[in-house]
Amino acid sequence: MNSGLAVRAPSGFCIDTRRTRQSARGASVLMASCANLGGQPETGALNKALVLVTAVPGTHGDLVALQREIQRAPQRLGRGPEVNLHGSETSRVALYVNLTDANPGRPPATDPRHWKAAVDVRGAAVIVSVFGAVGGPLTGRAGEQLIRDTVQALLDANSGQEPERPAAVAVATTPASSENTPSRIGERLRGIFRAGDTSS
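In this report, we go over the structure that sits alongside the text. Quick caveat: nothing in here was measured; it's all calculated off a predicted structure.

We now examine the pairing of strand β8 (residues 124–132). In terms of burial, β8 is largely enclosed, as nine of its nine residues are buried. Alternating residues of β8 divide into Ala124, Val126, Val128, Val130 and Gly132 and Ala125, Ile127, Ser129 and Phe131, and every residue in both groups is buried. As defined by bridge partners, strand β4 (residues 49–57) adjoins β8 across nine bridges and the pair is classed as antiparallel. The residue of β8 that forms the bridge with Ala49 is Gly132.

Now the structure itself:
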């Protein structure tokens, strides 16, 4: 990315450069299964999965404090007040959250229950979101594994670089009104999950 942040997709996923955006205020990187993007052949049903990585300059700060804040006010992770938190866990480097966001504006054909992770990488406060098909396995443990794989891919991609020290800008989550949230980029995502469509 222009900021120096390196973004790498987890195994089986490809970056959709047509729907990736970046500016001085931040970036949003869309990933989908390589088969859905036409990157490689696949037999059987398509993998209905979407990974969105958003990054803004700054830091999330203390992850345990962030976890407590999210538990107190889970709507900070959503697009409105209708947010239900199912669970959260911190690792040494990231906060993982499973939630249902029933507010309008999520990527099309995805379940309102999904996963988010917060991690600081190379001077950027990064939010990773994993969406799956309605009622699909990515709402549960499969989604947790995918989001952990995505965070690890980000860390691995930036492991050889000296991290920059950002200014003291606390970023709990990407604001709901940001151009880099799913509610604002939903129009860019249409077509990815259409049944049988491998061209998008």
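Membership of the largest hydrophobic core comes to 25 residues, with the highest contact counts inside it found for Val51, Val53, Val126 and Val128. The set of elements that each furnish at least two residues to this core consists of β3 (26–33), β4, β6 (94–101), β7 (113–121), β8 and α2 (141–157). Counting residues in hydrophobic clusters, the runner-up holds ten residues, among them Ile70, Val97, Ala118 and Ile127.

This part is about the packing of aromatic side chains. Using the criterion set out here, one finds zero aromatic pairs in the structure. The aromatic ring of Tyr96 is capped on one face by Arg148, whose charged end is 4.2 Å from the ring centroid.

What follows is about the pattern of salt bridges. Under the criterion given, the structure shown has eight salt bridges. Between Asp16 and Arg19 there is a salt bridge; the shortest N-O distance is 2.6 Å. A cluster of three or more residues bridged by salt bridges with shared partners is formed by Glu89, Arg141, Glu144 and Arg148.

Turning our eyes to something else, we now look at the state of the cysteines. According to the stated counting rule, one finds one disulfide in the structure shown. Across the disulfide from Cys14 sits Cys34; the S-S distance is 2.1 Å. On the S-S bond that ties Cys14 to Cys34, the torsion sits near 95 degrees, and the link is right-handed. With Cys14 in strand β1 (residues 13–15) and Cys34 in the loop between β3 and β4, this residue pair connects regions lying 20 residues apart in the sequence.

Turning next to α2. The end-to-end C-alpha separation of α2 is 24 Å, in line with the 24 Å expected for 17 residues at 1.5 Å each. Residues of α2 that are buried: Gly143, Glu144, Leu146, Ile147, Thr150, Val151, Ala153, Leu154 and Ala157. On its buried side, α2 packs onto β1, β4, β5 (83–90), β6, β7 and β8.

Rules of the game
- Residues numbered from 1 in each chain as written.
- Predicted model: local features only at pLDDT ≥ 70, side-chain atom pairs only at ≥ 80, totals over all residues.
- Heavy atoms only, no water.
- Buried < 20%, exposed > 50% of the residue type's maximum accessible area, 1.4 Å probe, protein only.
- Helix = DSSP H or I, 4+ residues; strand = E, 2+ residues; numbered from the N terminus.
- Pairing = 2+ DSSP bridges.
- Core = buried A, V, L, I, M, F, W, Y, C linked by side-chain atoms within 4.5 Å.
- Phe/Tyr/Trp six-rings, centres within 6.5 Å; stacked < 30°, edge-to-face > 60°.
- Lys NZ or Arg CZ within 6 Å of the ring centre and 35° of its normal.
- Salt bridge = Lys/Arg side-chain N within 4 Å of Asp/Glu carboxyl O.
- Disulfide = S-S within 2.5 Å.
- Expected span 1.5 Å × (residues − 1).
- Contact = heavy atoms within 4.5 Å.

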